[in-house]
Amino acid sequence: MRYLVLLALWVLPMLAHAQDWEDQRMFGVDSSPTMRIISSTDTSFFAPIIESFLAERPDVSIEYLVTGTADLDQIFRASPAEFDVVISSAMDLQLKLANDGFAQRIDDITHPAWAQWRQSLFAFTTEPATIVINKAAFAGQDVPRTRLELIQALRADPDRFRGRVGTYDVRQSGLGYLFATQDARASESFWRLTEVMGSLDARLYCCSGEMIDDLADGTIAVAYNVLGSYAQARQDTRDKLEVILPSDFPTTMMRTAFVSRDTLQPQTAADFIRHLTIAQSQGADLASFPLPPLITELDAAGRSRIALEPALMTYLDRLKRRTFMREWESAIIQSPSAPSQ
Amino acid sequence: MTEVVRVAGSLRNRLAVTLVGGAAVLAILLFVVVRNYAAQIAQAGQDQIIGASVSSILDAAVVRDGVVDVDFPYASLSMLSTEFDDRVFYAIYQDDAVISGYDTLPRSDIAANTDRQYETVVFDGVPVRLASASRTLIGAGFRTNIVVSVGQTQDALSGTLNGISRNVALFGAGFFALATLIAFWATSTTFGQLQALTTAITRRGPKDLRPVVKPIPAELAPLVSSLNSLMARLNQSLLQSENFITEAAHRVRTPLATVRSHAETTLHRVERPENRQALRAMVRAIDESSRAAGQLLDHAMIAFRADNLDQQDIDLGALVQELLVQLTPIAEMKDIDLEMTQDGNAAVRGDPILVQNALRNLIDNALKYSPAESTITISVSDVPTAHVRVCDQGTGFDPDEIDDLAKRFKRGTNVAGIVGSGLGLTIVEDVAHAHGGKLTLENQKTGGACVTLSF
Amino acid sequence: MRFLLVEDNIELAKAICSRMQLDGHVVDHAERLEHAVAFSETGEYDLILLDIMLPDGDGRSFLKAHRAGEIDTPVIVLTARSEVSDRISVLDLGADDYITKPFDHAELQARCRAVLRRKAGTAKTITRYGDVAFDPVAGNLTIGDRVINLRNRELRLLELLISAPGQIFPKTKLIDRLFSYEEDVSENAVEVYIARLRKHLENSSVSITTHRGLGYRLDHD
């Protein structure tokens, strides 16, 4: 932690000048006070929500900054006063931020107990990790419905899939690490699948978007643990790809948001969170937003959500992470060649 | 006998206050004790869970290839989830260094190989319950001490405690309310018996000095026993006083009667005017003193009886008739006619002895102040209220003194030479007041006085 | 008249006896209850004067025994008590009247007369003088076939004069007789009653003569 702070102090001046954001966009009138949202979600997914909020609150403007989950964690920890609202898909990092006291309590938001933590961290989507395949690559063949079927399919025809399997690089993607650790917790088949993918020289990605691009153009035939919502949301790829919800056990993530403890606009930020949670769980126009909604009741398949609890910090533990990374690396990187980055 | 009783405080109130106060103290004590006990239990519960978490982390510590690895299970932290989403902090130390977790978590001062030690520390500005345990790991030529500390905020604990406090407070309040009801019921039951005794004694007639024989609670026994003995002594002393008065009157009056008879006899035998004058004065003095003594005794008797008023039905007409029979011989001596008229049935409730005494005094007065060969009219009527009116044909009252005449020992100034104690009208007025009536003095236009005793 | 006086106090008894003898009455004195019972059984009395407190018993028990013995000699109780209730209870027990000690003999006489009048018939004590018959109990005077009712003071005056006809009674004696000791009367007050009696006695053989400086005397032709 001490090193992190030192790092942050060193990095901070550079951030002020030119942070390397994936995306950066202003909403609303320039002159009004600006609320800064740091997020791991693509702007396109969030724009409609922000615009509907500004329609109600024309007196504010919003700067929306996008970066990866791991970066987001570091940047925010380094300068919590710079940002008003923090949105991320990495539940574990978000929960640790809240546990460490970075999140402000907002008592007047009514949200189900399982969808919020300490009345400060609020979930607003339900998004399962999925297997996405290129339909063309699986032509004339049964589509795998479970992890086991995927392993069998990959083993049955290794030449066909060599170099054409993709998954998150857990070292880079916080969300990927979350999905991987939750998978590992749930079933041994995760490690078998990882080893199979490693033996097929799996491609490792930082982000869902790139993985789907490669799937769409046939660079890879199958991607594991992709956010299905991303795949479904894209008009250009919808016909080429098939999103499969593993029927053995699903891993479902909830995107979360909180107000920074050091915000200068606590009221506006709280209003935004309230607007976000209402729009995503009980809004009249749920369908009109591209983000998947927060499903407030469990469906028949018993899709379990990753629980918002302190145990999420388990795999953030230095020793646990070290151990997990070591095992993951030894499973996925079997060839002497360096993984693509 | 409505004596003024000095009242200082109330037993009933004191008892009620004591009981209610006791209930309040008990309720508060109950609240404090139960809350403290609950706090201990709740704290023990939290400690148990944090301790289990520490143990599960410490159990996972192993030495692999000369490096300490702690691959603790998900459940280690999962078990710390609470309804109130308490924050969780932990740290894993190898010898003096933090190897994982929160670097700034306060370091517990714990000896090697200690099983679970608890303390409350302040971390990030909030109180945190911290459990720690240590274990020594031994590998090949390798020996190191591992300490694990897990901390948890106490929101759920205080929430639980607040809930318990609320319930205990409600329970305490209920207990208090119930105890208060019981206290009031108990006091009113207890004092109901006292009230019953009081009623029984108050209802007694004026001359009922018998001991109380009704069963009474043991606590009242000393009081009632004293009361009984007091009444017995009172009865005894009343009897003694009555006998004493009678005896005294007898002893005084008998010699007076002797002297008077001798004086009268002597008066008939002496001729010299100065001797006759002296004898007459002597007789008059005897009459005056005996009459005064009689009226004083009567007055005392009336004062006593008026306090314990007997309640009987009295026919005023019959009473007056009886009196007239007795007084006629005296009236005749002055050739005075006693005329009685009766209008309606005048009845009153009261003490016949007192009323007769009063009427006797009225007619006696009229006889005394009437000239010879006159008429005294006694009218009994029940309109507007029962009354007896005695009118004579004497000189009447002095108009200036008419209002003061009924005062004790006050005699009219226009009656010099007539024997009287001045108590007659006082007695009548006292009797009137005791019966809620009044005495009216007036002069008739045609001359003579009229005295009305009305009820 | 014959009286039985039941009184334990000898001094008082003597005084009463001498006073009553002065009026011309015969008085027997009984000191104790047993004597009283014996006297009342043997003697013929017009009236019994009974003291209520006696050494050998309450006078009330004598009253009871007396009434039980069906002797209807009137009884006047002499009482030293003043309490009204006591007087009443005495009357309830059969006394005819009572008088409180010390008493005016005139009042006693008046009460005796009243009691005897109520029991009319038991004793006829008519005094005759000349052609006049005087009944002090009934309070009238008969001259020939003329009956004259006397007022009380006239009666008492005549009673005295007729008790010793021919004797001169000084005015003072007459005043003592007629007026109570409470009254201050002049000697002339008696003249009114003398005049009235004279009027009643007109046309009879009896007359009252004035003896200047000495008094009055009853005479007959």
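Note: the structure precedes this text.
Nothing here was measured: the structure is a model prediction, and the numbers come from that model.

(A) Local environment of the overall build of chain B. The number of helices and strands found in chain B is 8 helices and 14 strands. A buried classification covers 31% of the 455 residues belonging to chain B. Long-range contacts, defined as pairs at least 24 residues apart, comprise 64% of the intrachain contacts of chain B with a sequence gap of at least 6.

(B) View of the sheet that holds strand β11 (residues 146-149) of chain C. Residue and element names in this part refer to chain C. Across the sheet, 4 strands lie side by side as β8-β9-β10-β11; this open sheet has antiparallel pairing. Two strands in the sheet have a free side with no partner beyond their single neighbour: β8 (127-129) and β11. Strand-to-strand twist across the sheet, computed as the mean angle between neighbouring axes with direction ignored, equals 20°. Alignment of strand β9 (residues 132-135) against strand β10 (residues 140-143), held across 4 bridges, turns out to be antiparallel. Paired with Phe 134 across the strands is Leu 141, a residue of β10.

(C) Spotlight on the nonpolar core. Within the largest apolar cluster, 117 residues are counted, with the highest numbers of intra-cluster contacts made by Val85(A) and Ile273(A). Beyond its immediate stretch of four places on either side in the chain, Val85(A) contacts Met35(A), Ile37(A), Ala257(A), Val259(A), Ala269(A), Phe272(A) and Ile273(A). Core analysis: the second largest hydrophobic core is formed by 45 residues, Ile302(B), Ala331(B), Leu425(B) and Phe455(B) among them.

(D) Structural detail: the environment of Pro352(B). All names here are of chain B. By the secondary structure assignment, Pro 352 is in helix α7 (residues 352-369). Taking C-alpha positions, Pro 352 is 8.2 Å from Asp 310, a pair spaced 42 residues apart along the chain. Residues contacting Pro 352, with those up to four places away along its chain left out, are Gln 312, Ile 314 and Leu 319.

(E) Structural detail: the pairing of strand β3 (residues 88-94) of chain B. All names here are of chain B. Of all 7 residues in β3, 6 are buried; the element is thus mostly enclosed. The pairing of β3 with strand β7 (residues 142-153) spans 7 bridges and is classified as antiparallel. Bridging across to β7, Phe 89 finds its partner in Gly 151. Where β3 and strand β4 (residues 97-101) come together, 4 bridges link them in antiparallel fashion. Residue pairing across strands places Ile 92 opposite Ser 100, the latter belonging to β4. Linking β3 to β4, which pair antiparallel, is a turn of 2 residues; within it Asp 95 sits at a positive phi near 50°.

(F) Looking closely at the sheet that holds strand β12 (residues 168-169) of chain C. All names here are of chain C. Overall, antiparallel pairing links the 3 strands, which are arranged β12-β14-β13 in an open sheet. Of all the strands in the sheet, just β12 and β13 (206-211) have a single pairing partner and so form its edges. Looking at chain direction, β13 and strand β14 (residues 215-220) are connected through 6 bridges and run antiparallel. In the sheet register, Ile 208 faces β14, and the bridge partner there is Leu 218. Most of the contacts of helix α6 (residues 152-163) go to β14, to which it runs at about 70°, and overall it touches β12, β13 and β14.

(G) Spotlight on the interface of chain C and chain B. With 34 residues of chain C in contact, the opposing surface of chain B contributes 38 residues. Tallying contributions element by element places helix α1 (residues 10-22) of chain C first for the side of chain C that touches chain B, with 7 residues. For the side of chain C that touches chain B, the class distribution of residues is 13 nonpolar, 8 polar and 13 charged.

(H) Fine view of the packing of helix α5 (residues 147-156) of chain A against helix α8 (residues 189-199) of chain A. Residues and elements named next belong to chain A. Put simply, α5 and α8 touch, their axes get as near as 10 Å, and they point 25° apart. Classed by the angle they form, the pair α5 and α8 counts as roughly parallel. Note that α5 runs across α8; the crossing there is left-handed. In this structure, α5 contributes Arg 147, Leu 148, Leu 150, Ile 151, Leu 154 and Arg 155 to the contact, and α8 contributes Ser 189, Arg 192, Leu 193 and Val 196. A class-by-class count of the residues in the contact of α5 with α8 yields 6 nonpolar, 1 polar and 3 charged.

(I) Broad picture of the pairing of strand β2 (residues 26-30) of chain C. Of the strand pairs in this sheet, strand β1 (residues 2-6) of chain C and β2(C) are connected by 5 bridges, and their pairing is parallel. Looking at β2(C), one finds that Arg2(C) is bridged to Val26(C).

(J) Examining helix α2 (residues 33-42) of chain C more closely. All names here are of chain C. When we look at burial in α2, the residues that qualify are Leu 33, Ala 36 and Ser 40. Taken down its axis, α2 places every buried residue within 55° of arc, on the same side. Exposed residues pointing more than 90 degrees away from the buried face of α2 are listed as Ala 38, Glu 41 and Thr 42. If you follow the buried residues of α2, they end up packed against β1, β2, β3 (47-51), β4 (53-54), β5 (57-58) and α3 (59-68).

(K) Inspection of the interface of chain B and chain A at higher detail. Taken residue by residue, the interface counts 16 residues in chain B and 17 residues in chain A. Listing elements by their share of the side of chain B that touches chain A, those giving two or more residues are β2 (67-70), α2 (75-78) and β4 of chain B. Grouping the constituent residues of the side of chain B that touches chain A by class yields 6 nonpolar, 4 polar and 6 charged.

(L) Local environment of the environment of Gln277(B). Within the secondary structure, Gln277(B) is located in helix α5 (residues 273-307). With 10 residues separating them along the chain, Gln277(B) and Leu267(B) place their C-alpha atoms 9.1 Å apart.

(M) Molecular detail of unusual backbone geometry. That bond from Val383(B) to Pro384(B) is cis: its omega, -5°, falls within 30 degrees of zero. In this fold, Pro384(B) is placed in the loop between β11 (375-381) and β12 (387-391). Omega for the peptide link from Lys101(C) to Pro102(C) comes to -10°, which places this bond in the cis form. For Pro102(C), the position within the fold is in the loop between β7 (97-100) and α5 (105-118). Even without a glycine there, the phi angle at Asp95(B) is positive, about 50°. Structurally, Asp95(B) can be placed in the loop between β3 and β4. Of the residues examined, Asp95(B) has 12 C-beta atoms within 10 Å and is grouped as exposed.

Cut-offs applied
Residues numbered from 1 in each chain as written. Chains lettered and ligands numbered in written order. Predicted model: local features only at pLDDT ≥ 70, side-chain atom pairs only at ≥ 80, totals over all residues. Helix = DSSP H or I, 4+ residues; strand = E, 2+ residues; numbered from the N terminus. Buried ≥ 20, exposed ≤ 12 C-beta atoms within 10 Å, placed from the backbone. Contact = placed C-beta atoms within 7 Å. Pairing = 2+ DSSP bridges. Axes fitted to C-alpha atoms, helices over the stretch in contact; angles between N-to-C directions. Core = buried A, V, L, I, M, F, W, Y, C linked by C-beta atoms within 7 Å. Nonpolar A, V, L, I, M, F, W, Y, C, P; charged D, E, K, R; others polar. Parallel < 35°, antiparallel > 145°, perpendicular 65-115°, else oblique. Left-handed = near helix turned anticlockwise from the far one by under 90°. Arc of directions from axis to C-beta.

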